[in-house]
Amino acid sequence: RSTVSGNLASGVDGHGGGIAIGDGAVSLVNSTVSGNTAGGDGGGIFVSGATTAQHAIVSSTVASNTSGGVGGGVNVGSDLLGSLTIENSIVATNADSGSTPDLSLDRVAGDLLIESTLIGDNTGTPLAEAQVPDARGNLVGAPSPGGGVIDPLLGPLMLRGGLTATHPLRAGSRAMNAGNSL
């Protein structure tokens, strides 16, 4: 239940503009990670470490982050031994050096579960394009010549009567009513 926004991890070794996790675990629930910048990998979130920890991004939005390396939104480092769950979330409209703008999955030795989630651009991931919900309820965009990158149509990050800033879904967003009830 947090907003992580407007942070900078500078230099090519500056990983995790918003959140950088080493040998611990991250459990991000009902949160927004937006407008962060990393000179290295993981503009929004960088997860690494030779740990068997379970990492989760649940009912959260990771959008409008930038990295000079890979994984504009989320980067899972090559040494991660644990598992990763992304559920009921949006990971979209992020940018990086051009190889994995939204999600970089270098290695997840444990379980990888992505469910009821909108991934704007699957470039550099093992995820198959799904312009309509796949078997796990995911919407996954792909650059041309596929069906195209999926824009979740997010409004600007701001307070809307709650305690934390959020991106509302604008009319016509494919993420509207697309998650599952937890």
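See the structure shown above.
Participant: How do you make sense of the pattern of salt bridges when you look at a structure like this?
Facilitator: A side chain with one charge may pair with a side chain of the opposite charge, provided their charged atoms come close. Scanning the entire structure with this criterion turns up one salt bridge. The residue Arg136 makes a salt bridge to Glu115 at a minimum N-O spacing of 3.3 Å. Within this pair, whereas Arg136 is found in the loop between strand E16 (118–119) and strand E17 (139–140), its partner Glu115 is found in strand E15 (residues 112–115), the two being separated by 21 residues in sequence. With relative accessibility at 46%, the residue Arg136 sits in the partly exposed group.

Participant: Would you mind going over the nonpolar core with me for this structure?
Facilitator: Side chains of nonpolar character tend, in soluble globular proteins, to be buried together. Ranked by size, the top nonpolar core spans 21 residues in total, and within it Ile19, Val33, Ile45, Val74, Ile86 and Leu103 carry the most contacts. Going through the elements one at a time, strand E3 (19–21), strand E7 (45–47), strand E11 (74–76), strand E12 (83–87) and strand E14 (103–105) are the ones with two or more residues in this core. If sequence neighbours within four positions are ignored, Val74 has contacts with Ile45, Ile57, Val62, Val91, Asp102, Leu103 and Ser104.

Participant: What is the right way to look at the sheet that holds E3 in this model?
Facilitator: Either a parallel or an antiparallel arrangement is found when strands of a sheet pair, and the pairing is made through backbone hydrogen bonds. An order of E3-E7-E11-E14 is seen for the four strands of this open sheet, with the pairing classed as parallel. One side of each edge strand has no neighbouring strand; the edge strands of this open sheet are E3 and E14. With strand direction ignored, the average angle separating the axes of adjacent strands in the sheet is 5°. Sheet analysis places E7 next to E11, joined by three bridges and oriented parallel. Residue Phe46 lies in a different strand from E11, and its bridge partner there is Asn75.

Participant: It is not clear to me how the sheet that holds strand E6 (residues 37–38) should be interpreted in this structure. Could you clarify?
Facilitator: Here we have three strands laid out as an open sheet, ordered E2-E6-E10, and parallel in their pairing. For this open sheet the edge positions go to strand E2 (8–9) and strand E10 (66–67), each flanked by a neighbour on one side alone. When E6 meets E10, the two strands line up parallel, connected through two bridges. Residue pairing for E10: Ala38 is matched across the bridge by Ser67.

Conventions adopted
Residues numbered from 1 in each chain as written. Predicted model: local features only at pLDDT ≥ 70, side-chain atom pairs only at ≥ 80, totals over all residues. Heavy atoms only, no water. Salt bridge = Lys/Arg side-chain N within 4 Å of Asp/Glu carboxyl O. Helix = DSSP H or I, 4+ residues; strand = E, 2+ residues; numbered from the N terminus. Buried < 20%, exposed > 50% of the residue type's maximum accessible area, 1.4 Å probe, protein only. Core = buried A, V, L, I, M, F, W, Y, C linked by side-chain atoms within 4.5 Å. Contact = heavy atoms within 4.5 Å. Pairing = 2+ DSSP bridges. Axes fitted to C-alpha atoms, helices over the stretch in contact; angles between N-to-C directions.

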